[in-house]
Amino acid sequence: MALRPDYVIRETATNLKRNLTLTFATVVTIAIALTLVGASLLMKQGVTHSNVRFRGDVQTIVYMKSDASPDQIDAVKRALDASPHVKSTRYLNHDEANAEFKLIFADEPAIRDSLTPAETPTSYKVQVKDASFEVVQSLQDYFKTLPGVHEVIAPTDTVKKQEDSFAKFSNFSLLFAAIVGATSLVLIVNSIRIAMFARRREIEVMKLVGATNWFIRIPFMAEGLVQGIIGGAVGIGIVFALRSWLLPTLVSGGGIWAGFRLTVSDVQQTGFVLIVAGALVGIFGSAVAATRFLDV
Amino acid sequence: MIKLESVTKVYKGDVVALRDASADIQKGEFVFLVGPSGSGKSTMLRLLNKEETPEHGKIFVAGKDIGELNQWKVPYLRRNIGCVFQDFKLLTNKTVYENVAFALEVIGRPKHVIKTQVPAILELVGLGKKMINYPHELSGGEQQRVSIARAFVNRPLILLADEPTGNLDPTTSVGIMRLLDRINRTGTTVVMATHDRSVVDTMRRRVIELDRGVIVRDQSRGVYE
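Quick caveat: nothing in here was measured; it's all calculated off a predicted structure.

Q: So what exactly am I meant to see when it comes to the packing of helix 5 (residues 140-152) of chain B against helix 6 (residues 170-185) of chain B here?
A: A pair of packed helices is characterised by two quantities: the angle between their axes and the separation of those axes. Residue and element names in this part refer to chain B. Where helix 5 contacts helix 6, the two axes come as close as 10 Å, and the packing angle between them is 15°. The angle between helix 5 and helix 6 falls in the class roughly parallel. The element helix 5 and its partner helix 6 pack so that their crossing is right-handed. Residues Gly141, Gln144, Arg145, Ile148 and Phe152 of helix 5 lie in contact with helix 6, whose contacting residues are Thr172, Gly175, Ile176, Leu179, Leu180 and Ile183. Residue composition of the contact of helix 5 with helix 6, grouped by class: 6 nonpolar, 4 polar and 1 charged.

See the structure below:
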């Protein structure tokens, strides 16, 4: 049957206007649920980024100065091999170091292309036998003093703690988001049912003159879709705001947040997920509401 | 056009609304359903429209057994059946024109068809000059004319009327009956449930009388009695 777009738009707009308070409540609930989903997704991505350098059981990285001489580089290598705590080492030359740098900053072209291979500091990735805090700390203190060494960094306990607390936080917020998400589904169902109840006479007439159930249902589904998409958009707004204002403060405050990074494309991907989730919640909720109403 | 074969309808709590009812209504007939309140007149109309389904028996509309009809096909059945009610069932927030146009809109008729058919049908029922009025600005008789226009605008094969003159004074009722008669003359089968003795006695059409769900009389050119 021909369902004219202008008819659907007109009906949807009328429905949304008629139940403005309920529409508002629904949108806010969806927005909160999706903000939580978005925040926990970004939390996971942020942690992944902050640990990319330490992949493969690398516990310590010795960064050489970019102008370190081959002798200095060899001396560090010998010192590492001589150390009783070191299990193995791997040397990243200029090209390899640059490739890794590009990987870390893949989403930020300005930074990614700022270094040539020659300018990129080379480094030793060190696997430590007994990765206790004290051992790593002592290695760090010792190698920092060697000529040609720029910096020694170790994830030590901080990264471990950071990972644990982020994992807990992100699991908790996912759980919370699921609860709020279910609530917003119920709210959508309720809001559509009220919209349908307000128009039961019209629906009765529609059924009497032979309108199909889909014809009656689609404007209500469009209403749910609009609510879901607006909710998703508000959720994205909040997530973006958190990233731009709250995150820099947290990161600069140090602690477990130091090294926590999010790229623009992370936020964009999460935004896409939020919009799709909002749309699905909206359509599904209103389809359920409409079906239960029409079956009577 | 309409055929009932031993139809029984029982509501919750063993209330028998229709018991073993059989009738055969030909195309173009005008039939009155009479009987006291609760005798099953409205139930019979609701069964024809598939708003209700019978416990036993078969109902044929336009040669089709509507008991066999899939739920999703019911709207297409209803497009062949116009309905008129005692309380008009007009949408108060729409004008006369919009009320009638709505019936065409929801079955997906194109705009240009609506633009030509709605004024024509409103002219036919004598409301050509009240197209932009709202239902509350009309008299009861005029509102019923709008409702008849809405039921007939799609040129259905059958028109079901449930006490269409129930809320109207005798003079206005005569006007409504003239209109229904005119619609009947175009070949539309009309089935009308009524309490209105004078209407039945004046028209002298087929009368089916119900009493506590049982057809007790089926008489051509009958009176109310």
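Now, onward.
Q: Just to check I follow, could you spell out unusual backbone geometry for this structure?
A: With the exception of glycine, most residues fall at negative phi, and the peptide bonds are largely trans. All names here are of chain B. A positive phi is found at Lys50, a non-glycine position, where the angle reads about 60°. By the element assignment, Lys50 lies in the loop between helix 1 (41-48) and strand 4 (56-61). Exposure remark for Lys50: the relative accessible area of 10% places this residue in the buried category. Not every positive phi belongs to a glycine, and Phe88 is a case in point at roughly 65°. Mapping Phe88 onto the fold places it in the loop between strand 6 (81-85) and helix 3 (96-105). With relative accessibility at 9%, the residue Phe88 sits in the buried group.

Q: Explain the sheet that holds strand 7 (residues 158-162) of chain B to me, please; I cannot follow it from the model alone.
A: To summarise the sheet geometry, strands pair through backbone hydrogen bonds and adopt either a parallel or an antiparallel arrangement. Residue and element names in this part refer to chain B. The strand order 6-7-8-3-9-10 describes an open sheet built from 6 strands, whose pairing is mixed. Single-partner strands in this sheet number two, and they are strand 6 and strand 10 (214-219). Strand-to-strand twist across the sheet, computed as the mean angle between neighbouring axes with direction ignored, equals 15°. Where strand 3 (residues 30-34) and strand 9 (residues 206-211) come together, 4 bridges link them in parallel fashion. Of the residues in strand 9, the one forming a bridge with Phe32 is Val207. Set on the sheet, helix 1 makes contact with strand 3, strand 6, strand 7, strand 8 (189-193), strand 9 and strand 10; between it and strand 7 the angle comes to about 150°. Lying on the sheet, helix 5 is in contact with strand 6 and strand 7; it crosses strand 6 at an angle near 165°.

Q: How should I be thinking about the environment of B:Ser139 in this particular structure?
A: For B:Ser139, the location among the structural elements is in the loop between helix 4 (111-124) and helix 5. For the pair formed by B:Ser139 and B:Thr172, sequence separation is 33 residues and the distance between their alpha carbons is 9.7 Å.

Q: What exactly am I supposed to notice about the sheet that holds strand 1 (residues 2-11) of chain B here?
A: Residues and elements named next belong to chain B. Reading across from one edge, 2-1-4-5 is the order of the 4 strands in this open sheet, with antiparallel pairing throughout. The open sheet has two edge strands with one neighbour each: strand 2 (15-25) and strand 5 (64-65). Alignment of strand 1 against strand 4, held across 5 bridges, turns out to be antiparallel. Bridge pairing in strand 4 places Lys3 opposite Phe60.

Q: Help me out: how do you make sense of the interface of chain B and chain A in this one?
A: One widely used convention gives an interface's size as the accessible area the parts lose upon coming together. Between chain B and chain A, the contact holds 25 residues from the first and 19 residues from the second. Across the interface of chain B and chain A, roughly 1,900 Å² is buried in total on both sides, 56% from carbon and sulfur atoms. Viewed at the interface, chain A and chain B are joined by 3 salt bridges. Here A:Glu204 ties to B:Lys89 by a salt bridge, and the two come within 3.0 Å at their closest N and O atoms. For the interface between chain B and chain A, the tally reads 6 residue pairs in polar contact (both at pLDDT 80 or more). Secondary structure elements with two or more residues in the side of chain B that touches chain A: helix 2 (74-78), strand 6, helix 3 and helix 4 of chain B. Among the residues forming the side of chain B that touches chain A, the class breakdown is 12 nonpolar, 3 polar and 10 charged.

Q: What is the right way to look at the pairing of strand 7 of chain B in this model?
A: As a general feature of sheets, a regular strand has side chains that alternate between the two faces. Residues and elements named next belong to chain B. For strand 7, the tally of buried residues reaches 5 of 5 residues, placing the bulk of the element in the interior. Side-chain alternation along strand 7 places Ile158, Leu160 and Asp162 on one buried face and Leu159 and Ala161 on a second face that is also buried. Looking at chain direction, strand 6 and strand 7 are connected through 5 bridges and run parallel. Across the sheet, the residue bridging to Gly82 is Leu159, located in strand 7. Note that strand 7 and strand 8 share 5 bridges and pair parallel. Bridge assignment links Asp162 to a residue of strand 8, and that residue is Ala193. Note that the unit made of strand 7, helix 6 and strand 8 has a crossover that is right-handed.

Q: Sorry, what's going on with the packing of helix 9 (residues 213-252) of chain A against helix 10 (residues 264-294) of chain A here?
A: Residues and elements named next belong to chain A. At a minimum axis distance of 7 Å, the contact between helix 9 and helix 10 shows a crossing angle of 150°. Comparing their axes, helix 10 and helix 9 come out roughly antiparallel. Where helix 9 crosses over helix 10, the handedness of that crossing is right-handed. The residue inventory of the contact of helix 9 with helix 10, partitioned by class, reads 18 nonpolar, 10 polar and 2 charged.

Parameters at a glance
Residues numbered from 1 in each chain as written. Chains lettered and ligands numbered in written order. Predicted model: local features only at pLDDT ≥ 70, side-chain atom pairs only at ≥ 80, totals over all residues. Heavy atoms only, no water. Axes fitted to C-alpha atoms, helices over the stretch in contact; angles between N-to-C directions. Helix = DSSP H or I, 4+ residues; strand = E, 2+ residues; numbered from the N terminus. Parallel < 35°, antiparallel > 145°, perpendicular 65-115°, else oblique. Left-handed = near helix turned anticlockwise from the far one by under 90°. Contact = heavy atoms within 4.5 Å. Nonpolar A, V, L, I, M, F, W, Y, C, P; charged D, E, K, R; others polar. Buried < 20%, exposed > 50% of the residue type's maximum accessible area, 1.4 Å probe, protein only. Pairing = 2+ DSSP bridges. Buried area = accessible area lost by both parts, 1.4 Å probe. Salt bridge = Lys/Arg side-chain N within 4 Å of Asp/Glu carboxyl O. Polar contact = N/O pair within 3.5 Å; in protein donor to acceptor, adjacent residues only side chain to side chain. Right-handed = clockwise from strand over helix to strand, strands pointing away.

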